[in-house]
Amino acid sequence: MHILLPPSEKKATEGDGPPVDLASLSFPGLTPVRERLLAALGDVSRHADAPSVLKLPAGQAEEALARNRELREAATLPAARLYTGVLYDNLALADLDAAAAADQIIVFSGLWGALRLTDRVPPYRLAMAVSLPATGRLSALWRPAMREALRLDDGGLVVDMRSGPYASVWKARRPAVAVRVFRERVVRGETQRTVVSHMAKATRGRIAHDLLKAGAAPRTPDELLKAVADLGHTAELNGTNLDVILHD
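As a convention, each chain's residues are numbered from 1 in the sequence order in which they are written. Since the coordinates come from a predicted model, pLDDT governs what is reported: local features require at least 70, and pairs of side-chain atoms require 80 or more to be given and counted, while whole-chain, interface and lining totals use all residues. Calculation of side-chain values draws on the structure's entire complement of heavy atoms; hydrogens and water are dropped beforehand.

Draft legend 1. Geometry of the pattern of salt bridges. Within this document, salt bridges are pairs made up of a side-chain nitrogen of Lys or Arg and a carboxyl oxygen of Asp or Glu, the two lying within 4 Å of each other. Taken as a whole and judged by the stated rule, the model has twelve salt bridges. The closest approach of N and O atoms between Asp-95 and Lys-213, which form a salt bridge, is 3.3 Å. Of this pair, Asp-95 sits in the loop between α5 (86-91) and α6 (98-104) while Lys-213 is found in helix α9 (residues 198-213), placing the two residues 118 residues apart along the sequence. Exposed residues in this analysis have more than 50% of their type's maximum accessible area, buried residues have under 20%, and partly exposed residues fall in between, with area computed by a 1.4 Å probe over protein chains only. Asp-95 gets classed as partly exposed once you look at its relative accessible area, which sits at 40%. The salt bridge involving Glu-184 is made with Arg-193; its shortest N-O contact spans 2.8 Å. In this description a helix means any DSSP run of H or I spanning at least four residues, a strand means any run of E spanning at least two, and both kinds are numbered starting from the N terminus.

In structure tokens:
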């Protein structure tokens, strides 16, 4: 099983290891694009319009740009400790077997393309939806490189928990299932489902945690549905989607 995750906007602020060594990162076929983006991001982060280009909130721009300008020299930390948002809080990596999680989880990133949890990188700020002056839209830049570098041909089921911009850069061959989250309510006697955002992140993190904690190894969508249901979640298969249902 391969679990695909987005990064989180919220990240650790300091590393504790040596500067990034691109040659040591997983998926070495992505190195040329990583090199290009490191240079482009460092350059744009020195310009007055950087907050607008990088779509940074005003209160976060100064700190984020300072980090982006020092990426080559900055201290690093494993991706397992870098990402700290809602999804990763619920993933609770400290509670899981580290080797199993590192073997099965792939984190997608606007700057690094794709990472294993053991890959050491510095804190940064670059969303996949951004378009840089020197490279254009990141998703378009990454697609050809991803297609060549990520070949998950071991027959394992791909469980896709990425958000839209990150899901757009690489499409898994079948078998693959995208995890969606809905809230179900009964309104005036009628059952209604709505897409949720914040809770979707928490739910995806929790399901990934539960699957890894249980040592689940589904090889088909039906086996994934059974594993998720056995772990106490309400879900159903709709085509290539696993729809997880939350109830009030």
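There is more to say after this.
Draft legend 2. Geometry of the nonpolar core. Take the buried Ala, Val, Leu, Ile, Met, Phe, Trp, Tyr and Cys residues and link them wherever side-chain atoms come within 4.5 Å; each set so joined is a nonpolar core. Membership of the largest hydrophobic core comes to 79 residues, with the highest contact counts inside it found for Leu-54, Ile-105, Trp-112, Leu-132 and Trp-142. Top contributing element to this core by residue count: helix α1 (residues 31-44), with six residues. Contacts: residue pairs with any heavy atoms within 4.5 Å of one another. Discounting residues that sit within four places of it in the chain, Ile-105 has contacts with Ile-3, Leu-5, Leu-91, Leu-93, Leu-115, Arg-116, Leu-117 and Leu-212.

Draft legend 3. Just the packing of aromatic side chains, in detail. Two rings from Phe, Tyr or Trp (for Trp, the six-membered ring) form a pair when their centres sit within 6.5 Å of each other. Planes less than 30 degrees apart are called stacked, planes more than 60 degrees apart edge-to-face, and all others tilted. Within this structure, the stated rule accounts for three aromatic pairs. Over the ring of Phe-108 we find Arg-162; its NZ or CZ atom is 4.4 Å from the centre of that ring. A ring is considered to have a charge above it if a Lys NZ or an Arg CZ atom is located within 6 Å of its centre and within 35 degrees of its normal.

Draft legend 4. Up close: the side chain of Ser-109. For Ser-109, the location among the structural elements is in strand β3 (residues 105-109). Residue classification places Ser-109 among the buried residues on the basis of a relative accessible area of 0%. Counted as a polar contact is a pair of N or O atoms within 3.5 Å, where, for protein atoms, one must be capable of donating a hydrogen and the other of accepting one, and residues adjacent in sequence contribute only when both atoms are in side chains. Of note is the side chain of Ser-109, whose polar atom sits 3.0 Å from the side chain of Tyr-124. The residues touching Ser-109, leaving out its near neighbours within four places in the chain, are Pro-7, Tyr-83, Tyr-124, Met-128, Trp-142 and Tyr-166.

Draft legend 5. Just the pairing of strand β10 (residues 190-195), in detail. What makes two strands pair is DSSP finding at least two bridges between them. When strand β9 (residues 176-187) meets β10, the two strands line up antiparallel, connected through six bridges. Bridge assignment links Phe-182 to a residue of β10, and that residue is Val-195. Here β9 hands over to β10 after two residues, with Arg-188 in that stretch at a positive phi of 50°.

Draft legend 6. Examining α9 more closely. Its 16 residues place the ends of α9 23 Å apart at the C-alpha level, agreeing with the 22 Å of an ideal helix rising 1.5 Å per residue. Every buried residue of α9 is listed here: Ala-200, Ala-202, Thr-203, Arg-204, Gly-205, Ile-207, Ala-208, His-209, Asp-210, Leu-211 and Leu-212. Immediately beyond the C-terminal end of α9, within one or two residues, lies Gly-215, with a positive phi of roughly 70°. In a helix, the anticipated span is given by 1.5 Å times the number of residues less one.

Draft legend 7. Region of the structure containing unusual backbone geometry. Positive phi is not limited to glycine here, since Ala-92 has a value of about 50°. Looking at Ala-92, the relative accessible area reads 27%, which means it is partly exposed.

Draft legend 8. Seen up close, helix α3 (residues 58-69). Its twelve residues give α3 an end-to-end C-alpha distance of 17 Å, which sits within 8% of 16 Å, the value for a rise of 1.5 Å per residue. Among the residues making up α3, those that are buried are Ala-61, Ala-64, Leu-65 and Asn-68. Looking straight down α3, one finds that the buried residues subtend no more than 105° of arc, so they occupy a single side. Exposed residues pointing more than 90 degrees away from the buried face of α3 are listed as Gly-59 and Glu-62. Buried residues along α3 sit against α1 and α2 (50-53). It is the directions from the helix axis to the C-beta atoms whose arc is reported.

Draft legend 9. Broad picture of the layout of surface pockets. The distinction between a cavity and a pocket rests on a 1 Å grid over the protein atoms alone: a 1.4 Å probe fits inside a cavity but cannot get out, while a pocket stays open yet meets protein on both sides within 12 Å along at least five of seven lines, and a residue with an atom within 4 Å of a point counts as lining. Grid points are joined across faces, edges and corners, and a volume is the space filled by probe spheres set on the points. If you add up the space inside the largest pocket, you get close to 1100 Å³. Ranked by residue count, the leading element in the lining of the largest pocket is β9, at seven residues. Class assignment of the residues belonging to the lining of the largest pocket gives a composition of 29 nonpolar, eight polar and 13 charged. Its boundaries defined by the atoms lining it, the second largest pocket holds a volume of some 270 Å³. Together, 17 residues line the second largest pocket, and Leu-150, Trp-170, Lys-171, Ala-172 and Arg-173 are the ones closest to its centre. Think of it as three bins: nonpolar holds Ala, Val, Leu, Ile, Met, Phe, Trp, Tyr, Cys and Pro, charged holds Asp, Glu, Lys and Arg, and polar takes everything else, Gly as well. Residue classes in the lining of the second largest pocket are distributed as seven nonpolar, three polar and seven charged.

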